[in-house]
Amino acid sequence: MMKGSLKGAMEEIASAIKANKDYLTDLDREIGDADHGINMARGFDAVMAKLNSAEPADLSSGLRQVALTLISTVGGASGPLYGTAFLRAGKTVGEGDMLNPDLALSMFRAAVNGVEERGKAAEGDKTMVDALEPAYRAFEDTLKNGGDFPECLEAARDAAKRGVEYTKTIPAKKGRASYLGERSIGHQDPGATSVWIILNALLQYAQKNHKE
């Protein structure tokens, strides 16, 4: 089980994105529009402004608020993709549901499905999916083997990092990076990297707020 709040988790994510804004932008400069970090930081700043002005009544409505804010404030493809991820995750949550590992697994699957459908991407396309899919599988496997919430998130975070490394070895098939073809090999995908940063932030939050 988790104590804490959506607002607290989003604060952890927003702080991590802000700290890595230049790093993400530099990665995007190599194969994209050089704005991924800037856009993500702006989006999560807007999320925190919304949550600070009026904390949502429950997890489902809060995730919807996060989603709509990201869609409206994050430029490029990242806003719709991350927005869809949070929106789909929120739709799996019933009114008054408390976050637990089983619910988190369902939310994770819904989020990944949403990203894949919205971006029409699959593993091997050099996108955020190359971090999301292995992260989901690691979370699921760890949960099935009796892992607690932080252990599941740690496994997911580590799998996402391996996914980031994998993106260096393949050409991009989606977005602006796809125009580079084979020249995109050797560069890691910025979207996959931001997935890893977000999962690491969620792990940090879970470790501080986990209770048996």
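Before reading on, note that the structure itself is shown above.
The rules behind each value
Residues numbered from 1 in each chain as written. Predicted model: local features only at pLDDT ≥ 70, side-chain atom pairs only at ≥ 80, totals over all residues. Heavy atoms only, no water. Helix = DSSP H or I, 4+ residues; strand = E, 2+ residues; numbered from the N terminus. Rg over C-alpha atoms; globule rule 2.2 N^0.38 Å. Buried < 20%, exposed > 50% of the residue type's maximum accessible area, 1.4 Å probe, protein only. Contact = heavy atoms within 4.5 Å. Areas by Shrake-Rupley, 256 points an atom, 1.4 Å probe, with all protein chains shown as cover. Lys, Arg positive; Asp, Glu negative; His and termini not counted. Charge placed at Lys NZ, Arg CZ, Asp CG, Glu CD. Axes fitted to C-alpha atoms, helices over the stretch in contact; angles between N-to-C directions. Parallel < 35°, antiparallel > 145°, perpendicular 65-115°, else oblique. Nonpolar A, V, L, I, M, F, W, Y, C, P; charged D, E, K, R; others polar. Expected span 1.5 Å × (residues − 1). Polar contact = N/O pair within 3.5 Å; in protein donor to acceptor, adjacent residues only side chain to side chain.

A.B. asks: Mind showing me how you'd approach the overall build of the protein chain here?
C.D. replies: Across its full length, the protein chain carries nine helices and zero strands. Relative to its length of 212 residues, the protein chain is compact, with a C-alpha radius of gyration of 16 Å against a globular reference of 17 Å. Seen through its C-alpha atoms, the protein chain measures out along the principal axes to roughly 50 × 40 × 30 Å. Counting every position in the protein chain, which comprises 212 residues, the buried fraction comes to 50%. In the protein chain, 68% of the contacts between residues at least 6 apart in sequence involve partners at least 24 apart. Of the roughly 9,700 Å² of accessible surface on the protein chain, a fraction of 49% belongs to carbon and sulfur atoms. Separation of charge centres in the protein chain, based on 26 positive and 30 negative side chains, amounts to 5 Å.

A.B. asks: Just to check I follow, could you spell out the environment of Asp-189 for this structure?
C.D. replies: Position of Asp-189 relative to the elements: it lies in the loop between helix H8 (149-167) and helix H9 (190-209). Among all residues touching Asp-189, those that are not within four sequence positions of it are Ile-31, Lys-126, Thr-127, Met-128 and Thr-167.

A.B. asks: I tried to follow the environment of Gly-114 on my own but got confused; where do I start?
C.D. replies: Counting through the fold element by element, Gly-114 comes out in helix H6 (residues 101-119). Taking the C-alpha atoms as reference points, Gly-114 and Tyr-23, 91 residues apart in sequence, are found 26 Å from one another. For Gly-114, the residues in contact, after removing those within four places along its chain, are Thr-84 and Arg-88.

A.B. asks: Hey, could you run me through the packing of helix H2 (residues 21-31) against helix H3 (residues 36-53) in this one?
C.D. replies: Interhelical geometry of H2 versus H3 gives an angle of 140° and a closest axis separation of 6 Å. On the basis of the axis angle, H2 is oblique to H3. Mapping the contact onto sequence places Lys-21, Leu-24, Thr-25 and Asp-28 in H2 and His-36, Gly-37, Ile-38 and Ala-41 in H3. Classifying every residue of the contact of H2 with H3 by side-chain character gives three nonpolar, three polar and two charged.

A.B. asks: Mind showing me how you'd approach unusual backbone geometry here?
C.D. replies: Positive phi, normally seen in glycine, also occurs at Ala-34, with a value near 60°. With respect to the helices and strands, Ala-34 occurs in the loop between H2 and H3. The exposure class assigned to Ala-34 is partly exposed, which follows from its relative accessible area of 24%. The backbone of Lys-126 sits at a positive phi, close to 65°, despite the residue not being glycine. Take Lys-126: it is sitting in the loop between H6 and helix H7 (129-144). Classification of Lys-126 by relative accessible area gives buried; the value is 2%.

A.B. asks: I would appreciate a short explanation of H8 in the present structure.
C.D. replies: An α-helical turn contains 3.6 residues, so any two residues separated by three or four positions project in the same direction. With 19 residues, H8 should reach 27 Å at 1.5 Å per residue; the first-to-last C-alpha distance of 27 Å fits that figure. Along H8, the residues that are buried comprise Phe-149, Pro-150, Cys-152, Leu-153, Ala-155, Ala-156, Arg-157, Ala-159, Ala-160, Gly-163, Val-164 and Thr-167. Its buried side turned inward, H8 meets H6, H7 and H9. The N-terminus of H8 is capped by Asp-148, whose side-chain oxygen sits 2.9 Å from the backbone nitrogen of Glu-151.

A.B. asks: Looking at this structure, how should I read H9?
C.D. replies: The end-to-end C-alpha distance of H9, which contains 20 residues, comes to 29 Å, matching closely the 28 Å that a straight helix rising 1.5 Å per residue would cover. Among the 20 residues that make up H9, 14 are buried, leaving the element largely enclosed by the rest of the structure. Sitting at the head of H9, Asp-189 places a side-chain oxygen 3.1 Å from the backbone nitrogen of Gly-191.

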